[in-house]
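Commentary on secondary and tertiary structure
Here is how the chains run, residue by residue.
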Amino acid sequence: MDEELSSGDILYIPKGFPHEATSTEAAMSYCLQFWTDNSLRMIRNWTASLSDENHRGIEYSPSPDLLLRDDPTEILPQDLTALQDMMSQFLLQKIAHLDTWFVQEMSPTSYELPKAPEAQVYAPSQVQTLLQQGHPLRRLMGLRMLHIGNRYFVNGEFLLSDHADAWNVLARHRTIEGPMLIKFINEADFLAELTLIINKGYWYFQP
């Protein structure tokens, strides 16, 4: 649906409804987005990803003096401390995995992406020609592209190419003019991966 706002108007868009705002004249507007998540859900999702990737855990074993106690059925504070230390040790071992998981978890949208207009399958040579001719390349509305360091993710997918400078251009701009990527389009591996994500409908050439 289309809504035209006048000065002072506020439009509330519920969570999960992708939208795009266009100014019809010179104006200043604010788009406020509130995003939260639950710590328990995030911990559950992260530990589930560790299980999926076959990360080896630390085996738990009871205290060696358990059977020597006056009451071996009682769980003592030091038992819980040992359990906490074991869990903390495991999490510290996997902290390097946390950053990759987080950016991969945040890059997909929470709703189905729209279809790119007039999407078609390109060959790398066609993409190269269109960029050389200055055809604008537009990012699909709602598509998220995030990175941590030089590792880039688009809609949850890791970009295998190491052309971080080129991916940074795509991440920071909704519309790419041909000259913005001109120094990268002779790199065969970058061009091949760019063509792949264009063919997935994540970017499209603006008519």
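Preceding block: the structure.
Overview of the structure. Because the structure is a prediction, the values reported are computed rather than measured. (Residues numbered from 1 in each chain as written. Predicted model: local features only at pLDDT ≥ 70, side-chain atom pairs only at ≥ 80, totals over all residues. Heavy atoms only, no water.)

1. As for the overall build of the chain
- Helix and strand content of the chain: six helices and six strands.
- Looking at the chain as a whole, 28% of its 207 residues qualify as buried.
- In the chain, of all internal contacts separated by at least 6 residues, the share reaching a separation of at least 24 is 76%.
- On the chain, roughly 14900 Å² of surface is accessible, and the fraction owed to carbon and sulfur atoms is 54%. (Helix = DSSP H or I, 4+ residues; strand = E, 2+ residues; numbered from the N terminus. Buried < 20%, exposed > 50% of the residue type's maximum accessible area, 1.4 Å probe, protein only. Contact = heavy atoms within 4.5 Å. Areas by Shrake-Rupley, 256 points an atom, 1.4 Å probe, with all protein chains shown as cover.)

2. A look at the nonpolar core
- M145, L170, L181, L194 and W203 are the most contacted members of the largest nonpolar core, which totals 31 residues.
- Of the residues forming this core, the biggest block, six residues, is contributed by helix α5 (residues 164-172).
- When neighbours within four sequence positions are excluded, L181 is seen to be in contact with L131, A166, V169, L170, I176, F190 and L194. (Core = buried A, V, L, I, M, F, W, Y, C linked by side-chain atoms within 4.5 Å.)

3. Some details on the packing of α5 against helix α6 (residues 188-199)
- Closest axis-to-axis distance for the α5/α6 pair is 11 Å, and the angle between their directions is 25°. Viewed along their axes, α5 and α6 adopt a mutual orientation that is roughly parallel. With respect to the hand of their crossing, α5 and α6 are arranged in right-handed fashion. Residues A166, W167 and L170 of α5 form the contact with α6, whose participating residues are F190, E193, L194 and I197. (Axes fitted to C-alpha atoms, helices over the stretch in contact; angles between N-to-C directions. Parallel < 35°, antiparallel > 145°, perpendicular 65-115°, else oblique. Left-handed = near helix turned anticlockwise from the far one by under 90°.)

4. Quick word on the packing of aromatic side chains
- Evaluated as defined, the whole model comprises five aromatic pairs.
- Ring geometry for F153 versus F158: centroids 5.3 Å apart, planes at 45°, classification tilted.
- Exposure remark for F158: the relative accessible area of 39% places this residue in the partly exposed category.
- For the pair F184 and F190, a centre-to-centre distance of 6.1 Å together with 65° between the ring planes defines the contact as edge-to-face. The exposure classification of F184 matches that of F190, with both residues buried.
- One aromatic cluster is present, formed by W167, F184 and F190 through successive ring pairs. (Phe/Tyr/Trp six-rings, centres within 6.5 Å; stacked < 30°, edge-to-face > 60°.)

5. Brief notes about the packing of helix α4 (residues 124-132) against α6
- Relative to each other, α4 and α6 sit at 95°, their axes nearing to 9 Å. In terms of axis orientation, α4 runs roughly perpendicular to α6. Across the interface between the two elements, P124, V127, Q128 and L131 of α4 pack against L191, A192, L194, T195 and I198 of α6.
- Taken together, the residues that form the contact of α4 with α6 break down as seven nonpolar, two polar and no charged. (Nonpolar A, V, L, I, M, F, W, Y, C, P; charged D, E, K, R; others polar.)

By themselves, these observations are geometric and do not establish any function.
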